[in-house]
Amino acid sequence: MNQVVITGTGLFTPEHAIDNDALVASFNAWVDAENARHADAIAAGEREPLPHSSTEFIVKASGIHSRYVLDAEGILDPARMCPQLPERGNDEPSVQCEMGLIAAREALAQAGVEAGDIELVIVACSNLERPYPAVAVELQEALGAGGYAFDMNVACSSATFAIETAANAIRAGSVKRALVVDPEICSAHLNFRDRDSHFIFGDACTAIVLESDAVATAEARFEILGTRLLTRFSNAIRNNAGFLNRVTDSDPQAIDKLFVQEGRRVFKEVCPLVAALITEHLASLELASSDLSRLWLHQANRHMNDLIARRVLGHEPSPEQAPIILDRYANTSSAGSIIAFHLHRHDLSPGALGVVCSFGAGYSAGSVVVRRQ
């Protein structure tokens, strides 16, 4: 079977950033207006006043200090509190295609690959702009890539699941080069009026070029030693937006049509699942955690990452061993672990081992073990 290598990555970062102070000011202004509107019910004991958020609360709960978003003005408007993205015409590039083009071109340039040499394009993310035509096919056309393309969604694990899918196609010999793109517009499904989650997400797009080692020309390559995927059904992270909302006469603005989660339950259930996945995956490759130079983990919550890294490594991870990017990017769903890989891999020496790992709604988790050539 063909050996698969990662030869390039790319990153699109939106120009707008929102720090915790600005986000808190907007949220608290909305809270004050809501409490004033329901002042009589609150005074009568019929309704609890909404509590304020704070920068200290956000940092303690998540480790997040800021996030990049496609639109800051709409999010920070207490009368709106969601991004304002104008509708595009059918002949204009979609937002996710536009994001994907920027990230993909960087990845292709890094790999030294022409778009026309790509034979498979997978757009993998937690929310797709439309059901059809596939964003991946649109991106394939915009790039001038060949072969075939399709979309896939495995929530926060979309990127690692797509990496395995692309790697398997290369291993089997059906394609020589593939492109995985993860355009995450997480701010569009976030409830900015929920104190427990209004700070969690940011927007970004990543891209990864995978090639058969026999045709790759890039000097810096990461050989994929193995991939392992896992899913377990859970309602602890959920989004009920979908095409059936119209025919079930449900409220399209209802809270459950946005991101909802049981945070404590997720922490308790996901951390041991992911640590076991990585440890067992390493063992199946006759590797030990002590062999690892780096863990590029999903960037959802600092406490989750620290706990998983401790369980895998057997000690407190150093910033170099388990790099954190969520402090400035927040949770970018499937793009998070790839951003960490994109920004924190170039210092590794040949032979160094690492794991790219995602985890999230589903539950879903993916592990990709790589070695720098």
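Quick notes on the rules
- Residues numbered from 1 in each chain as written.
- Predicted model: local features only at pLDDT ≥ 70, side-chain atom pairs only at ≥ 80, totals over all residues.
- Heavy atoms only, no water.
- Helix = DSSP H or I, 4+ residues; strand = E, 2+ residues; numbered from the N terminus.
- Expected span 1.5 Å × (residues − 1).
- Buried < 20%, exposed > 50% of the residue type's maximum accessible area, 1.4 Å probe, protein only.
- Contact = heavy atoms within 4.5 Å.
- Salt bridge = Lys/Arg side-chain N within 4 Å of Asp/Glu carboxyl O.
- Pairing = 2+ DSSP bridges.
- Axes fitted to C-alpha atoms, helices over the stretch in contact; angles between N-to-C directions.
- UniProt positions renumbered as here; feature names shortened; annotations may be inferred.
- Phe/Tyr/Trp six-rings, centres within 6.5 Å; stacked < 30°, edge-to-face > 60°.
- Lys NZ or Arg CZ within 6 Å of the ring centre and 35° of its normal.
- Disulfide = S-S within 2.5 Å.
- Left-handed = near helix turned anticlockwise from the far one by under 90°.
- Nonpolar A, V, L, I, M, F, W, Y, C, P; charged D, E, K, R; others polar.

All right, on to helix H1 (residues 20–37) then. In this model, H1 (18 residues) spans 26 Å end to end at C-alpha, consistent with the 26 Å of a helix rising 1.5 Å per residue. Those residues of H1 lying buried are Asn-20, Leu-23, Val-24, Ser-26, Phe-27, Asn-28, Trp-30, Val-31, Glu-34 and Asn-35. Residues of H1 that are buried sit in contact with strand S2 (16–19), helix H2 (39–43), helix H3 (55–62), strand S3 (66–69) and helix H4 (73–76).

Bringing unusual backbone geometry into the picture now. Of note, the bond from Tyr-132 into Pro-133 is cis; its omega dihedral lies within 30 degrees of zero at -5 degrees. For Pro-133, the position within the fold is in the loop between strand S4 (120–124) and helix H6 (135–143). For the peptide bond that leads from Gly-362 to Tyr-363, omega is -10 degrees, which places it in the cis range. Mapped onto the elements, Tyr-363 comes out in the loop between strand S12 (353–360) and strand S13 (364–372).

It is worth spelling out the pattern of salt bridges at this point. Think of it this way: side chains of opposite charge can pair up when their charged atoms draw near. In this structure the tally under the stated criterion is 13 salt bridges. Here Arg-265 ties to Glu-269 by a salt bridge, and the two come within 3.3 Å at their closest N and O atoms. With Arg-265 and Glu-269 both in helix H8 (residues 263–284), this residue pair falls four residues apart, about one helical turn. Judged by its relative accessible area of 33%, Glu-269 is partly exposed. Between Glu-316 and Arg-310 there is a salt bridge; the shortest N-O distance is 3.5 Å. Residue classification places Arg-310 among the partly exposed residues on the basis of a relative accessible area of 32%. Where salt bridges share partners, they join Glu-262, Arg-265 and Glu-269 into one cluster.

Attention now moves to the sheet that holds S4. To summarise the sheet geometry, strands pair through backbone hydrogen bonds and adopt either a parallel or an antiparallel arrangement. Read from one edge of the open sheet, nine strands run S5-S4-S6-S7-S1-S8-S13-S12-S11, paired in mixed fashion. In the strand order of this sheet, the two ends are held by strand S5 (148–152) and strand S11 (292–297), each with one partner. Across the sheet, the axes of successive neighbouring strands diverge by a mean angle of 25 degrees, strand direction being ignored. Sheet contacts for H6: S4, S5 and strand S6 (177–185); angle to S5, the most-contacted strand, approximately 140 degrees.

This brings us to the pairing of S12. Of all eight residues making up S12, eight are buried, and the element is well covered by its neighbours. Along S12, one buried face is formed by Leu-353, Val-355, Cys-357 and Phe-359 and the opposite face, lined by Gly-354, Val-356, Ser-358 and Gly-360, is buried too. Bridge analysis of S11 against S12 gives five bridges, and the strand direction is parallel. Bridge pairing in S12 places Leu-292 opposite Leu-353. Judged from the eight bridges that link them, S12 and S13 form a sheet pairing that is antiparallel. If you follow Leu-353 over to S13, its bridge partner there is Arg-371. Hairpin geometry of S12 and S13 is characterised by an intervening segment of three residues between the two adjacent antiparallel strands and by a positive phi of about 140 degrees at Gly-362.

The next subject is the UniProt feature "domain: Beta-ketoacyl-[acyl-carrier-protein] synthase III C-terminal" (unreviewed entry) in the protein chain. Taking the numbering used here, the UniProt-annotated feature "domain: Beta-ketoacyl-[acyl-carrier-protein] synthase III C-terminal" (unreviewed entry) corresponds to residues 283–371. Across residues 283–371, the secondary structure splits into 30% helix and 25% strand, with the terminal C-alpha atoms separated by 15 Å.

Next up on the list: the packing of aromatic side chains. Tallying each qualifying case throughout the model produces eight aromatic pairs. Taken together, a centroid distance of 5.0 Å and an interplanar angle of 50 degrees make the contact between Tyr-68 and Tyr-329 tilted. Of the two residues, Tyr-68 is situated in strand S3 and Tyr-329 in helix H10 (residues 326–329); the sequence distance between them amounts to 261 residues. The exposure class of Tyr-68 is partly exposed, given its relative accessible area of 24%. Both rings, one in Phe-222 and one in Trp-296, keep their centres 6.3 Å apart while their planes meet at 85 degrees; by these two values the pair is edge-to-face. With a gap of 74 residues between them, Phe-222 in strand S8 (residues 222–231) and Trp-296 in strand S11 connect regions that are remote in the sequence. An aromatic cluster is present here, built from Phe-222, Trp-296 and Phe-341 joined pairwise through their rings. A cation over a ring is seen here: Arg-195 above Phe-57, with NZ or CZ 4.0 Å from the ring centre.

For the structure shown, the criterion picks out zero disulfides. Not part of a disulfide, Cys-186 finds its nearest cysteine sulfur in Cys-156, a span of 7.0 Å. Using a relative accessible area of 0% as the deciding quantity, one classes Cys-186 as buried. No disulfide involves Cys-205; its nearest neighbouring cysteine sulfur is the one of Cys-125, lying 8.3 Å away. Using a relative accessible area of 0% as the deciding quantity, one classes Cys-205 as buried.

The description of two packed helices rests on the angle between their axes and on the distance between the axes. It is at 9 Å that the axes of H8 and helix H9 (residues 302–313) come closest, and there the two elements cross at 35 degrees. You can see that H8 and H9 cross each other, and the crossing is right-handed. Counting all contacts with H8, which are made through Val-266, Phe-267, Val-270, Cys-271, Pro-272, Val-274, Ala-275, Ile-278 and Thr-279, the residues of H9 involved are His-303, Met-304, Leu-307, Ile-308, Arg-311 and Val-312. Split by residue class, the contact of H8 with H9 holds 12 nonpolar, two polar and one charged.

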